[in-house]
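Breakdown of the fold
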Amino acid sequence: MARRTISGSRAVVTGASSGIGREIARQLCQQGAKVVATARRQDRLQELAQQVQANGGTIEILAGDITDPMFQLRVIQKAQEKFGGLDLLVNNAGVGCIGLFEQSTPARLREVMEVNFFALVEMTRLAFPFLKLGRQPMVVNIGSILGRRGVPYNTEYCASKFAVQGFSEALRAEWAHHGIEVLLVHPGTTDTEFFERVIHRSGGPRWPRHKPVSAEYVARKVLQAIRRGKHEIVPYPWGKVLLWLNWYFPRLTDWLMTKLV
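Residues numbered from 1 in each chain as written. Predicted model: local features only at pLDDT ≥ 70, side-chain atom pairs only at ≥ 80, totals over all residues. Heavy atoms only, no water.

Comments concerning the overall build of the chain
Regarding its fold elements, the chain presents eight helices and 11 strands. Across its three principal axes, the chain shows a C-alpha extent of roughly 50 × 40 × 30 Å. Each of the 261 residues in the chain was classed as buried or not, and the buried ones make up 52%. Partitioning the intrachain contacts of the chain with sequence separation of at least 6 by distance along the chain shows that 73% fall at a separation of at least 24. Roughly 12,600 Å² of accessible area belongs to the chain as shown, and the carbon and sulfur atoms make up 54% of that amount. Here the chain contributes 34 positively and 22 negatively charged side chains, and the mean placements of these two sets differ by 6 Å. (Helix = DSSP H or I, 4+ residues; strand = E, 2+ residues; numbered from the N terminus. Buried < 20%, exposed > 50% of the residue type's maximum accessible area, 1.4 Å probe, protein only. Contact = heavy atoms within 4.5 Å. Areas by Shrake-Rupley, 256 points an atom, 1.4 Å probe, with all protein chains shown as cover. Lys, Arg positive; Asp, Glu negative; His and termini not counted. Charge placed at Lys NZ, Arg CZ, Asp CG, Glu CD.)

Following this line, the structure appears as structure tokens:
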């Protein structure tokens, strides 16, 4: 695992208007990186830019739909035009939906996959020529605990994050020959707007109540992993418990999942 210096890095962060993405962008700038931050909400991006610039950081913002191929291209080009290249791509943009699969629709599945998987893949594809020329280049994909263990009421979301897991593992092997590392992050329950902004909600699993971690904490763990050249992290302690249980006692975990419905 190579040590990496964040100061001076040129980065793109998607889904940067709130939550984990906003904190990653803010902390990258705080540690001396130059960041292109993108999301749908222009007002939130402007607030972030004002905060960063007031503290002497360097940030460019671009509001738009990350599933739009032309917008994806504009984001990558902005990093090239403003900073002269790209060293770090953070694919954080994502949406969720909560409900039983029997109540789902093809349109809902496609919307989740477009944002959580296809946009991530295409941003990575567009970034490739620039990352190859970058300094200690890395792709950071924000996955989920639910990309390692499927849970009820989250079928579409789980499918999209399992896809991110497989894509990231395969890409890590392929791009090692180009000197590009791939970090996969599996956040668990985090104190963000994520659950307030799901595209659909009808019921939900009866989870035991656990205190969420802060977006600032997750972002701090992500930056530590970037510096240390890690390949995969699980910042949420209870997420580690679930994955441990699923690894050693899969039948028990399956049974416990049925009790959440």
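Once you've had a look at it, read on.
Regarding the sheet that holds strand E1 (residues 10-14)
On the basis of which strands lie adjacent, the open sheet formed by seven strands has the order E3-E2-E1-E4-E6-E7-E11 and parallel pairing. Two strands bound the open sheet, and with one partner strand each, they are strand E3 (58-63) and strand E11 (232-233). Here strand E7 (residues 181-185) pairs with E11 via two bridges, running parallel. Within E11, the residue paired with Leu-184 across the bridge is Glu-232. Contacting strand E2 (34-39) and E3, helix H2 (residues 42-54) runs over the sheet at an angle of about 175 degrees to E3. (Pairing = 2+ DSSP bridges. Axes fitted to C-alpha atoms, helices over the stretch in contact; angles between N-to-C directions.)

Examining a positive patch on the surface
A cluster of basic side chains, namely Arg-3, Lys-221, Arg-228 and Lys-240, defines a positive patch on the protein surface. Within the secondary structure layout, Lys-221 lies in helix H6 (residues 215-228). (Patch = residues over 30% accessible without salt bridge, like charges linked within 9 Å, V, L, I, M, F, W, Y side chains within 5 Å. Salt bridge = Lys/Arg side-chain N within 4 Å of Asp/Glu carboxyl O.)

Quick notes on the packing of aromatic side chains
Inspection of every chain in the model, using the stated rule, returns five aromatic pairs. Joined through ring pairs, the aromatic side chains of Phe-117, Phe-118 and Phe-167 make up one cluster. (Phe/Tyr/Trp six-rings, centres within 6.5 Å; stacked < 30°, edge-to-face > 60°.)

Thoughts on the environment of Arg-228
Counting through the fold element by element, Arg-228 comes out in helix H6. Between the alpha carbons of Arg-228 and Leu-48 there is a distance of 26 Å; along the sequence they are 180 residues apart.

A look at the pairing of strand E6 (residues 138-142)
Counted residue by residue, E6 has five buried out of five residues, so it is predominantly covered. Both faces of E6 are covered, namely the face carrying Met-138, Val-140 and Ile-142 and the face carrying Val-139 and Asn-141. The pairing of strand E4 (residues 88-91) with E6 spans four bridges and is classified as parallel. Its bridge partner lying in E6, Val-90 is registered against Val-140. One ladder, built from five bridges, connects E6 with E7; its direction is parallel.

What about helix H5 (residues 155-175)?
Look at H5: 30 Å from first C-alpha to last across 21 residues, which is about the 30 Å you get at 1.5 Å a residue. Those residues of H5 that sit buried are Glu-156, Tyr-157, Cys-158, Ser-160, Lys-161, Val-164, Gln-165, Phe-167, Ser-168, Leu-171, Arg-172 and Trp-175. (Expected span 1.5 Å × (residues − 1).)

Notes on the nonpolar core
Counting residues in hydrophobic clusters, the biggest one holds 35 residues, and the most contacted among them are Ile-24, Leu-28, Val-35 and Val-140. Looking at this core element by element, the count peaks at seven residues for H6. Setting aside chain neighbours within four positions, we find Val-140 in contact with Leu-88, Leu-89, Val-90, Asn-91, Leu-183, Val-185, Val-222 and Ile-226. Ile-66, Val-75, Phe-128 and Leu-171 belong to the second largest nonpolar core, which has 29 residues in total. (Core = buried A, V, L, I, M, F, W, Y, C linked by side-chain atoms within 4.5 Å.)

A closer look at the pairing of E2
Among the six residues that make up E2, five are buried, leaving the element largely enclosed by the rest of the structure. Sheet topology note: the E1/E2 ladder contains five bridges and is parallel. Counterpart to Val-12 in the pairing with E2 is Val-36. Each parallel crossover has a hand, and the one from E1 via helix H1 (residues 19-30) to E2 is right-handed. Relative to E3, E2 is paired through six bridges, and the arrangement is parallel. Looking across to E3, one finds that Lys-34 is bridged to Thr-58. (Right-handed = clockwise from strand over helix to strand, strands pointing away.)

By themselves, these are just geometric observations and shouldn't be taken as functional.
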